[in-house]
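Analysis of the macromolecular model
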Amino acid sequence: MIISVWRYSHLLLAVSSFLLLTLASVTGIMLAFEPIADKMQEYRVDGAENLALAEVVPVIRKSFKDVQKLNIDDNGFVILEWTDSAGLAQKSYINPQTGKILGPVKEQSEFFKWATALHRSLFLHETGRFLVGLASFLLILIGLSGIILVIQRQKSIKRFFSHIERLNWAQYYHVVFGRIVLFPILFIAITATYLSVSRFEWINAAEPKLQANTDSLAEEPKPDVKDFPFFRGLKLSALQSLEFPFSEFPEDYYTIRQHDRVVMLNQFTGDIITSQNHSAAAKLGAFSLRWHTGRNGIVWAIVMAISSGYILFFIYSGFVIMWRRRANVLKNRFSAEESQIVILVGSENGTSMRFARSVHQQLVLQGKKVYLTDMDNYRKFPLMEHLIVMTSTYGLGDPPSNAHHFPARLSKHPQDHAFSFSVVAFGSRTYADYCKFGLEADLMLGHGQWASRSTEVFTINDRSPEDFAAWCNVWSLHTGMAVSVTPDLIGTNHHRDLRKMIVKQKTVMTASDDTFLIRLTPQKKATVRSGDLLAIYPADDHRERLYSVGTIDKDIQLSVKYYQGGLGSTFLDGLSAGSAIRARIVKNEHFHFPATTSSVIMISNGTGIAPFLGMISDNKQKVPVHLFCGFRYRRSFELYEDFLVQQKAADQLASLHLGLSREGAHEYVMNLLSRAAVEVGSLLANDGVVMICGSLAMQKDVLEVLAVICKEQVGLDVDTLHLNGRILTDCY
Ligand SMILES: Cc1cc2nc3c(=O)[nH]c(=O)nc-3n(C[C@H](O)[C@H](O)[C@H](O)COP(=O)(O)OP(=O)(O)OC[C@H]3O[C@@H](n4cnc5c(N)ncnc54)[C@H](O)[C@@H]3O)c2cc1C
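Below: a short report on this structure. (Residues numbered from 1 in each chain as written. Predicted model: local features only at pLDDT ≥ 70, side-chain atom pairs only at ≥ 80, totals over all residues. Heavy atoms only, no water.)

**Section: the packing of aromatic side chains**
On inspection of all chains with the given rule, the structure shows 43 aromatic pairs. Relative to Phe161, the ring of Phe160 lies with its centre 5.0 Å away and its plane at 75°, an arrangement referred to as edge-to-face. Judged by its relative accessible area of 7%, Phe160 falls in the buried class. Members of the aromatic cluster, connected to one another through ring pairs, are Trp169, Tyr172, Tyr173, Phe177, Tyr310, Phe313, Phe314 and Tyr316. Across from the ring centre of Tyr633, 5.9 Å away, lies the NZ or CZ of Arg635, which sits over that ring. (Phe/Tyr/Trp six-rings, centres within 6.5 Å; stacked < 30°, edge-to-face > 60°. Buried < 20%, exposed > 50% of the residue type's maximum accessible area, 1.4 Å probe, protein only. Lys NZ or Arg CZ within 6 Å of the ring centre and 35° of its normal.)

Shown next, in the form of structure tokens:
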């Protein structure tokens, strides 16, 4: 919720200012070349900055008859404004050591004049200036909301620059470049906003006005200019400009501008008549101008040009992200308030969602007002007559990730009118907790006085179209609205993201427990991380089988246990090096190697070791990893032994604890953990993370052991660690 507030603010700000920002960025890139071109000119005089005014003024006086002003520009070039013998005003670069003219100061080129006017005011005078100032301010807000989004995405400020999950190029580069370039962009935006604000005099950043009585200035003593103490003490490096007295009348004086003050100096005595320091606002104004215009140096001007270029990139990539997100968002034509039918979905890897979308679409086509949303979004639905809940079950009968808050929200938002409901529970009969969460959701809803069942709860085994068709028939009969199994729910055609992969290697099956390793090379570059899942469709139909992925040398490695007659495992066993398959990579964000942690305790049994093999081989930072793995026989472990020995020698694996359940000490991982309770407790106390992969039965037992260790050794509650993402599970 909070993330979406920031995301929407970020988006809204960007949408409202993108045209102005595009113009400002394009002209900003052009204008960055002006200071670069200026700096390329050769008017620098070595050592000029160390000359004192007491040395320079006499030289100028000697070389030029009528001088008005001496300027030191941001490049350190010395510019003299003077009048020639024909009475013409001149502006020349000079050598302050010799008084020699180095070249004329040229007017700003027409091109840069045009670009400056467009950049500052869009040729719209004050209105344009205001719009540009507003766009700069919005850019500050975009930058700040962007920083907050990165922190939220990375889940910690400490992980600001850590690895970013690559979902697609636009999202990836928007964040990767954004978190670096945001800082110069913010700087550019802040200086631009300040310049606008001071330009409109909302802040008084004007130079102080010098006030002194000049009617009775002293004319004696009259030391030589070279002996004026003020001139002797002021080097060119500390000077911005020196205005010469207009005439030799006593009421005229020198005006000296420095970065921090303005000084009025008696032209005869050399005494300070008065001086005034710049206000902090004025100093900030001068600082903003210098930095915003890139006059500070070629490197900064180039940084500004690149940053402006990136603003254009962010506008483009931001719109691509928005476009894609819109396409993926549940397309609800009707709002929650006006819909008579509400479909709530609990989905971990998209299956229930696909079925729900199909029903949604069919009902909308019949002219019904239907609203589809996550189970976590349950609330009051004022006009709801029919509620359909479609949900899968995750792990040990737990809710899928978008349904965790459903029970709490159900009791928090009682409906104030009667409606009928039907629960469709997706699962696999292979698991003891078959459809457990769906069954629970049905019971929870049944407790509400306002709710009555339109159908009994239906369970769908293994995405079976037949099971789903049975629900469709009963629900349609009861409600009079026809829904059916659409073709896209039967085949695998819906998976646009099926990728071709070539089998690179396959080991022979271990005789001890029928397990083998298989390595697949995706034909096209794929974004996959250890801990993700590979979905295969062995019969090219609705039946999907998932396998935990370990990435090794950019290949996908699976550890597979063969079940006689098993659809997925038999299919994989039938493959050999060179065979091609089509499979889908399922992102499993919650089971990736932690980006920042003091240590990781990995716990697995059997094929659950698969993702850990990849994570350990990727552990180039040598984060202390302690692996507790259980197998039936020593021979089962041999499949992984050489690899793990190598990783240990390379310090990518800190310790290895092996338990064999059918020989030797007959130990399970739970026994290993209990024995290492003190070490495990101390790792957990020091912010370590636990990852568990393998059978659900093992997960249950391990969590019990961990609960004891947490309580006794650390004084922590295992559920809290689970909730805080310090215990990660991926069991099946
Ligand atoms: C998130 C996730 C990750 C997974 N990762 C892996 C992995 O890395 N390696 C791996 O080998 N499997 C993994 N699986 C299990 C895998 O998806 C299949 O369930 C398994 O390969 C059996 O499928 P099958 O098609 O061969 O058997 P099926 O055709 O589904 O079933 C055939 C028979 O095998 C038996 N059977 C099936 N699955 C199990 C089981 N888990 N325990 C006991 N008996 C069973 C049943 O008795 C069943 O009647 C994972 C599952 C999930 C949900």
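**What about the pattern of salt bridges?**
Enumeration over the complete set of coordinates arrives at 21 salt bridges. Close ionic contact of Asp462 with Arg545 constitutes a salt bridge, the shortest N to O distance being 3.1 Å. Of this pair, Asp462 sits in the loop between strand 14 (458-461) and helix 12 (465-479) while Arg545 is found in strand 18 (residues 545-548), placing the two residues 83 residues apart along the sequence. Owing to a relative accessible area of 23%, Arg545 belongs among the partly exposed residues under this scheme. (Salt bridge = Lys/Arg side-chain N within 4 Å of Asp/Glu carboxyl O. Helix = DSSP H or I, 4+ residues; strand = E, 2+ residues; numbered from the N terminus.)

**Topic: helix 11 (residues 436-447)**
With 12 residues, helix 11 should cover 16 Å at 1.5 Å per step; its first-to-last C-alpha distance of 17 Å lies within 8% of that length. Those residues of helix 11 lying buried are Phe437, Gly438, Ala441, Asp442 and Leu445. One side of helix 11 carries all its buried residues, which in axial view fall inside an arc of 145°. Exposed positions of helix 11 whose direction lies more than 90 degrees from the buried face are Leu443 and His447. (Expected span 1.5 Å × (residues − 1). Arc of directions from axis to C-beta.)

**Some details on a nonpolar patch on the surface**
On the surface, Phe111, Trp114 and Phe123 cluster together to form a nonpolar patch covering roughly 320 Å² of accessible area. Take Phe111: it is sitting in helix 3 (residues 110-121). (Patch = residues over 30% accessible without salt bridge, like charges linked within 9 Å, V, L, I, M, F, W, Y side chains within 5 Å. Areas by Shrake-Rupley, 256 points an atom, 1.4 Å probe, with all protein chains shown as cover.)

**A closer look at the site of the ligand**
Taken together, 17 residues form the shell around the ligand, and within it Arg545, Leu546, Tyr547, Gly568 and Ser569 come nearest. At a separation of 2.9 Å, an oxygen atom of the ligand approaches a polar backbone atom of Leu567. Protein chains bury 73% of the 900 Å² of accessible surface belonging to the ligand in isolation. Mapped onto the shell around the ligand, the elements with two or more residues apiece are strand 18, strand 20 (555-561) and helix 13 (567-573). The element contributing the most residues to the shell around the ligand is strand 18, with 4 residues. Split into classes, the residues belonging to the shell around the ligand amount to 8 nonpolar, 7 polar and 2 charged. (Near = heavy atom within 4 Å. Polar contact = N/O pair within 3.5 Å; in protein donor to acceptor, adjacent residues only side chain to side chain. Nonpolar A, V, L, I, M, F, W, Y, C, P; charged D, E, K, R; others polar.)

**Comments concerning unusual backbone geometry**
The residue after Glu220, namely Pro221, is reached through a cis peptide bond having omega -15°. Mapping Pro221 onto the fold places it in the loop between helix 5 (169-199) and helix 6 (229-233). Even without being glycine, Asp540 reaches a positive phi, approximately 55°. Mapped onto the fold, Asp540 is located in the loop between strand 17 (533-536) and strand 18.

**Thoughts on the state of the cysteines**
Applying the stated criterion across every chain yields a total of 0 disulfides. In this structure Cys710 is not part of a disulfide, and its nearest cysteine sulfur, from Cys731, lies 16 Å away. Accessibility expressed as a relative area gives 0% for Cys710, which makes it buried. As a non-bridged cysteine, Cys731 has Cys693 as the owner of its nearest cysteine sulfur, 5.8 Å distant. Owing to a relative accessible area of 11%, Cys731 belongs among the buried residues under this scheme. (Disulfide = S-S within 2.5 Å.)

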